[in-house]
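Read off the chains here:
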Amino acid sequence: MDGYKQIFLSLVLVIGLAGCAGHPVIYPGKMEPGSRTYSFAFSVENLFPVYSVHQSVSPKVDLNLHVGVPFWGSGFSMTYLAKGAPGATRFTKINAGYIYQQNQSVELNIVREWHNRTSTLSSIMFGPRITWILKDVRDDKALRFGLIGGLAFRKHLLLETGYTYDFALSTFKKDPDSNLPTGHHPVTGLSVRLVLMGK
């Protein structure tokens, strides 16, 4: 029984601490101005889900509030529709935001999206991501570059994955006191999440 307990605790630690830099949920499509929706994100960055409120304030801008438990994953972001319009089938979106995490970060995503609201696979998203870690577990900074991709199904389920790479190749990959990954660790850039979306 002790062996199973150790395996369970190890899995909890891996899931909860493997990806110590979060990022905002990018809601698929473009909501109609004045509309509001919600989502729950389950990811390797957080042990607990992150609850998000998505509010459309104009044909071009959606504002997002992210609330984590107890605080990890909390923050805010804005999504700007650089190309396309509500009801279109192709979008270019710019998402920028701040996330409070073990490694606090500012995120910038430029996403190209193919959208079909009548299909079961309603959205395909792909694009570059920049993560600027303002303060990691060693009080250090890091700048990471990578990609993000996602598949949305009927605006009820979003599967998303991504990775950012630290080109600085720092040797400080773990904090010597807490043994947590720093902003330079390879696993810090990993993102795998499942998002449940609804009204």
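Q: Please set out the environment of Tyr-163 residue by residue, giving values where relevant.
A: Inspection of the secondary structure assignment puts Tyr-163 in strand β9 (residues 157-166). Judged by its relative accessible area of 32%, Tyr-163 is partly exposed. With 23 residues separating them along the chain, Tyr-163 and Pro-186 place their C-alpha atoms 9.1 Å apart. Among all residues touching Tyr-163, those that are not within four sequence positions of it are Arg-144, Phe-145, Gly-146, Leu-147, Pro-186, Gly-189 and Leu-190. Polar contacts involving the side chain of Tyr-163 include one to the main-chain carbonyl oxygen of Pro-186, which spans 2.8 Å.

Q: Could you give an account of the packing of aromatic side chains, naming the residues involved and the relevant values?
A: By the definition in use, this model includes six aromatic pairs. Taken together, a centroid distance of 5.0 Å and an interplanar angle of 45° make the contact between Phe-40 and Tyr-51 tilted. Residue Phe-40 is found in strand β1 (residues 36-43), and its partner Tyr-51 is found in strand β2 (residues 50-56); the two are separated by 11 residues along the sequence. Centre to centre, the rings of Phe-145 and Phe-167 are 6.2 Å apart; their planes meet at 55°, and the pair counts as tilted. In this pair, Phe-145 sits in strand β8 (residues 142-153) while Phe-167 sits in the loop between β9 and β10 (190-198), placing the two residues 22 residues apart along the sequence. Relative accessible area serves as the criterion here: at 36%, Phe-145 is assigned to the partly exposed category.

Q: Give a description of the pairing of strand β3 (residues 61-67) that names residues and reports values.
A: Note on strand geometry: in a regular strand, side chains alternate between the two faces of the sheet. In this structure, β2 lies alongside β3, joined through six bridges in antiparallel fashion. Paired with Ser-52 across the strands is His-66, a residue of β3. Of the pairings in the sheet, the one linking β3 to strand β4 (residues 74-83) comprises six bridges and is antiparallel in character. Counted as the bridge partner of His-66 is Gly-75 from β4. Linking two consecutive strands that pair antiparallel, namely β3 and β4, is a turn of six residues; a positive phi of about 90° is found at Gly-73 within it.

Q: An account of the pattern of salt bridges is requested, with residue identities and associated values reported.
A: Pairs can form between side chains of opposite charge whenever their charged atoms are close. Across all of its chains, the model carries five salt bridges by this definition. Asp-62 is the salt-bridge partner of Lys-30, the closest N and O atoms lying 2.8 Å from each other. With a gap of 32 residues between them, Lys-30 in the loop between α1 (2-17) and β1 and Asp-62 in strand β3 connect regions that are remote in the sequence. Note on accessibility: Lys-30 and Asp-62 belong to one class, buried. The residue Glu-160 makes a salt bridge to Arg-193 at a minimum N-O spacing of 3.9 Å. Remark: Arg-193 occurs in strand β10 and Glu-160 occurs in strand β9; sequence separation between them is 33 residues.

Thresholds, definitions, all that
The numbering scheme is per chain: residues are counted from 1 as the chain's sequence reads. It should be noted that, the model being predicted, local features are given only for residues of pLDDT at least 70 and side-chain atom pairs only at 80 or more, the latter also being counted only at that level, while totals for whole chains, interfaces and linings use all residues. Excluded from the side-chain calculations are hydrogens and water; all other atoms, namely the structure's heavy atoms, are used. Strands are runs of DSSP state E lasting at least two residues, helices are runs of H or I lasting at least four, and both sets are numbered from the N terminus onward. Partly exposed residues are those whose accessible area sits between 20% and 50% of the maximum for their type, while under 20% is buried and over 50% is exposed, using a 1.4 Å probe and protein chains only. Residues count as neighbours in contact if any of their non-hydrogen atoms are within 4.5 Å of one another. Identification of polar contacts relies on pairs of N or O atoms within 3.5 Å, with a donor-acceptor requirement for protein atoms, meaning one able to donate a hydrogen and the other able to accept it, and with residues adjacent in sequence counted only if both atoms are side-chain atoms. Classification of ring pairs uses Phe, Tyr and Trp, with its six-membered ring standing for Trp, and accepts pairs whose centres are within 6.5 Å; under 30 degrees between planes counts as stacked, over 60 as edge-to-face, and the remaining range as tilted. Here a strand pair is declared whenever DSSP counts at least two bridges between the two strands. Think of a salt bridge as a Lys or Arg side-chain nitrogen and an Asp or Glu carboxyl oxygen that are within 4 Å of each other.

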